[in-house]
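Observations on chain architecture
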Amino acid sequence: MGVDVGSVRVGLSRSDAAGFLATPLETVAVVEGSTSHYERISLLVTELSVCEVIVGLPRSLSGAEGAAAGLARAYAVEVARRVAPIPVRLVDERLSTVTAHQRLREAGVKGRKRRPVVDQAAAVVILQSALDGERASGRPPGAPVVLESDPDGPDPGHGEALT
């Protein structure tokens, strides 16, 4: 499953069983004070028998990370907590939203109609890039999100998105 994290919406994509082609899945609204978006992702991971979750890590063209990258890292850690033991990985998503807008424009989707689906399209770009990279290199894409055990209890506590 591919995830494009935003502060208002989260775009989701999935791949075929062979891991060759990413397709749009859905857009989930992020409502302040609610965890329903995490719950939806967790449910879909179970329902679709997802074997790995790929979360886009937005970086600037120079490779630097800003506030959006911090949001994506924190989001990936929370998703990892909720879907464990399914692995969650962070992959560079530079220009994924730009690419998604371009592809939707080329497909004839008008400006206002793009907004509800652009996050899904960006999630497709993120997941397809990860699938292609893994196929080309033979290595898993990006960096794993590692959950650390809380020394005061048995449950996973905080985590770290390594890169």
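Residues numbered from 1 in each chain as written. Predicted model: local features only at pLDDT ≥ 70, side-chain atom pairs only at ≥ 80, totals over all residues. Heavy atoms only, no water.

**Let's talk about the overall build of the protein**
Keep this limit in mind: Numbering of helices and strands runs from the N terminus, with a helix taken as a DSSP run of H or I at least four residues long and a strand as a DSSP run of E at least two residues long. Should any heavy atoms of two residues lie within 4.5 Å, those residues are considered in contact. Computed with a 1.4 Å probe, the accessible areas rest on the Shrake-Rupley method; for each residue, only the protein chains presented here act as cover.
Counting secondary structure elements, the protein contains 4 helices and 7 strands. Along its sequence from the N terminus, the protein presents helices and strands in the succession β-β-β-α-β-α-β-α-α-β-β. Pairs at least 24 residues apart make up 62% of the contacts formed inside the protein by residues separated by at least 6 positions. Element-wise, carbon and sulfur atoms account for 54% of the exposed surface of the protein, whose accessible area totals about 8900 Å².

**Quick look at the packing of helix 1 (residues 36–47) against helix 2 (residues 67–83)**
As a reminder, the rule being used: Here an angle of 0 to 180 degrees is reported between the N-to-C directions of two axes, which are lines fitted to C-alpha atoms, with helices fitted over the stretch in contact. To sort the angles, those under 35 degrees are grouped as roughly parallel, those over 145 as roughly antiparallel, those from 65 to 115 as roughly perpendicular, and the leftovers as oblique. Note on convention: the crossing is left-handed when the near helix lies turned anticlockwise from the far helix by less than a right angle, right-handed when the turn is clockwise.
Between helix 1 and helix 2, the least distance of the axes is 10 Å, while the angle of their chain directions is 50 degrees. Accordingly, the angle class assigned to the pair helix 1 and helix 2 is oblique. As for the relative orientation of helix 1 and helix 2, their crossing is right-handed in sense. Here helix 1 contributes His-37, Tyr-38, Glu-39, Ile-41, Ser-42 and Val-45 to the contact with helix 2, which in turn contributes Tyr-75, Glu-78, Val-79, Arg-82 and Val-83.

**Focus: helix 2**
The test is simple: Take the residue count of a helix, subtract one, and multiply by 1.5 Å to get its expected span. Three exposure classes are used, based on accessible area relative to the maximum for each residue type with a 1.4 Å probe and protein chains only: buried under 20%, partly exposed in between, and exposed over 50%.
Its 17 residues give helix 2 an end-to-end C-alpha distance of 24 Å, which sits within 8% of 24 Å, the value for a rise of 1.5 Å per residue. Listed as buried for helix 2 are Ala-69, Ala-72, Arg-73, Tyr-75, Ala-76, Val-77, Glu-78, Val-79, Ala-80 and Val-83.

**Here's the deal with the pattern of salt bridges**
The condition that has to hold: Throughout this description, the term salt bridge denotes a Lys or Arg side-chain nitrogen within 4 Å of a carboxyl oxygen of Asp or Glu.
Evaluation of the coordinates by the stated rule reveals 6 salt bridges. A salt bridge links Glu-78 to Arg-81; the nearest nitrogen and oxygen atoms lie 3.1 Å apart. Here Glu-78 pairs with Arg-81, and both are found in helix 2, just 3 residues apart, close to one helical turn. Ionic pairing is found between Arg-135 and Asp-132, a salt bridge with its closest N-O pair at 2.6 Å. Residue Arg-135 and its partner Asp-132 are both found in helix 4 (residues 111–137); the two are separated by 3 residues, about one turn of the helix.

**Here we look at the nonpolar core**
Let me state the cut-off plainly: Grouping buried Ala, Val, Leu, Ile, Met, Phe, Trp, Tyr and Cys residues that are joined through side-chain atoms within 4.5 Å yields what is termed a nonpolar core.
Ranked by size, the top nonpolar core spans 25 residues in total, and within it Val-3 and Val-88 carry the most contacts. For this core, the secondary-structure elements that each account for two or more residues are strand 2 (9–15), helix 1, strand 4 (53–57), helix 2 and strand 5 (88–92). Ranked by the residues each element gives to this core, the list is headed by helix 2, at 8 residues. Contact partners of Val-3, with chain neighbours within four places excluded, come to Val-10, Gly-11, Leu-12, Val-53, Ile-54, Val-55, Gly-56, Tyr-75, Ala-123 and Ile-126. Listed in part, the 8 residues of the second largest apolar core include Ala-22, Val-124, Leu-127 and Ala-130.

**Some details on the confidence of the model for the protein**
Detailed reading of the predicted model is not advised wherever pLDDT is low. Put simply, the rule is: Known as pLDDT, the predictor's per-residue confidence is scaled from 0 to 100.
When pLDDT is averaged along the protein, the result is 84; 78% of the residues meet or exceed 70. Here strand 7 (residues 156–161) stands out as the least confident element of the protein, with mean pLDDT 46; helix 1 is the most confident, with 97. Per-residue pLDDT stays below 50 along residues 150–158; that stretch engages in 10 contacts with residues further than four places along the chain or on separate chains.

**Topic: the pairing of strand 4**
Formally: Any two strands between which DSSP finds at least two bridges are classified as paired.
Extensive coverage of strand 4 is indicated by the burial of 5 of its 5 residues. By the alternation rule, side chains of strand 4 split into Val-53, Val-55 and Leu-57 and Ile-54 and Gly-56, which are all buried. In terms of strand pairing, strand 1 (residues 2–4) meets strand 4 through 2 bridges, oriented parallel. Paired with Val-3 across the bridge in strand 4 is Val-55. Bridging between strand 4 and strand 5 involves 5 bridges; their strand directions are parallel.

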